[in-house]
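Observations on chain architecture
Now for the letters of each chain:
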Amino acid sequence: MARGRRFALTDTAQQIVGGFLLAGPFVVTEEVWVLAESMSVVQALFTVVIVFTIGYGALYKADDRDPDRESDVGGVPLRFISLIAVSYLSVLLLAVAFDAPGTFLGGTGAASGVLFDGVIDSAVVKTTAKAVSIGAVFSVIGAATADSLY
């Protein structure tokens, strides 16, 4: 991306390609779902910190962008918001599309394993959130790298 060019929809498109590219293998790997089941809430929150740190570092420390010169929402650069959203949503969308929660968490497969007899299974939701947080660690690398290429 040319330096000084404003953040645009094409930048988000590049992030999406990179985010989906690296998210895919982690969504369909049983080991990720086993790890997610055993993670504590503190560990899951730590992965969120890792995603934010990698994302910010890749966009603004490993590159010569100035976050103060970019469009922002509430003081947070729009490019960074987009990166974080893409990182998590790409993993979540693939997990739902591939029915990973239903497959790896012993669900029936209906509604991605979240609904059992019309009731939301909170354990499946929590484990899915943890698995998404694991996948986002890798997705953010793809999304930030793709955004930095142009």
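In what follows, the accompanying structure is described. (Residues numbered from 1 in each chain as written. Predicted model: local features only at pLDDT ≥ 70, side-chain atom pairs only at ≥ 80, totals over all residues. Heavy atoms only, no water.)

As a further point, take the overall build of the protein. Secondary structure summary: the protein contains six helices and four strands in total. Secondary structure of the protein in N-to-C order comes out as α-α-α-β-β-α-α-β-β-α. Classification of the 150 residues of the protein by burial places 43% in the buried group. In the protein, 74% of the contacts between residues at least 6 apart in sequence involve partners at least 24 apart. Taken as a whole, the protein presents about 7900 Å² of accessible surface, with 69% of it coming from carbon and sulfur. (Helix = DSSP H or I, 4+ residues; strand = E, 2+ residues; numbered from the N terminus. Buried < 20%, exposed > 50% of the residue type's maximum accessible area, 1.4 Å probe, protein only. Contact = heavy atoms within 4.5 Å. Areas by Shrake-Rupley, 256 points an atom, 1.4 Å probe, with all protein chains shown as cover.)

Right, let's get into helix 1 (residues 9-27). Given a rise of 1.5 Å per residue, 19 residues ought to cover 27 Å, and the 26 Å separating the end C-alpha atoms of helix 1 matches this to within 8%. When helix 1 is considered as a whole, its buried residues turn out to be Asp-11, Thr-12, Gln-14, Gln-15, Gly-18, Gly-19, Ala-23, Gly-24 and Val-27. (Expected span 1.5 Å × (residues − 1).)

When you line up the elements, Leu-21 lands in helix 1. Separated by 69 residues in sequence, Leu-21 and Ser-90 have C-alpha atoms that sit 9.1 Å apart.

Right, let's talk about unusual backbone geometry for a bit. The backbone of Asp-99 shows a phi angle near 55 degrees, a positive value even though the residue is not glycine. Within the secondary structure, Asp-99 sits in the loop between helix 4 (78-97) and helix 5 (100-104). On the basis of relative accessibility, which here comes to 19%, the residue Asp-99 falls in the buried class.

Let us look at the packing of helix 3 (residues 41-61) against helix 4. Relative orientation of the contacting elements helix 3 and helix 4 amounts to 135 degrees, with a least axis distance of 10 Å. The pairing of helix 3 with helix 4 is recorded here as oblique in orientation. Like other packed secondary-structure pairs, helix 3 and helix 4 cross with a definite hand, here right-handed. On the side of helix 3, the interface is formed by Thr-47, Val-48, Val-51, Phe-52, Gly-55, Tyr-56, Leu-59 and Tyr-60, while helix 4 contributes Arg-79, Phe-80, Leu-83, Ile-84 and Tyr-88. In the contact of helix 3 with helix 4, the residues fall into 10 nonpolar, two polar and one charged. (Axes fitted to C-alpha atoms, helices over the stretch in contact; angles between N-to-C directions. Parallel < 35°, antiparallel > 145°, perpendicular 65-115°, else oblique. Left-handed = near helix turned anticlockwise from the far one by under 90°. Nonpolar A, V, L, I, M, F, W, Y, C, P; charged D, E, K, R; others polar.)

Attention now goes to the side chain of Thr-128. Tracing the backbone through its elements, the reader meets Thr-128 in helix 6 (residues 122-148). By relative accessible area, Thr-128 is classed as buried at 9%. If near-sequence neighbours (up to four positions away) are discounted, Thr-128 is found in contact with Trp-33, Leu-92, Pro-101 and Leu-105.

Structurally, Gln-43 is set in helix 3. Judged by relative accessible area, which is 42%, Gln-43 ranks as partly exposed. For the pair Gln-43 and Ile-134, spaced 91 residues apart in sequence, the C-alpha separation works out to 9.9 Å.

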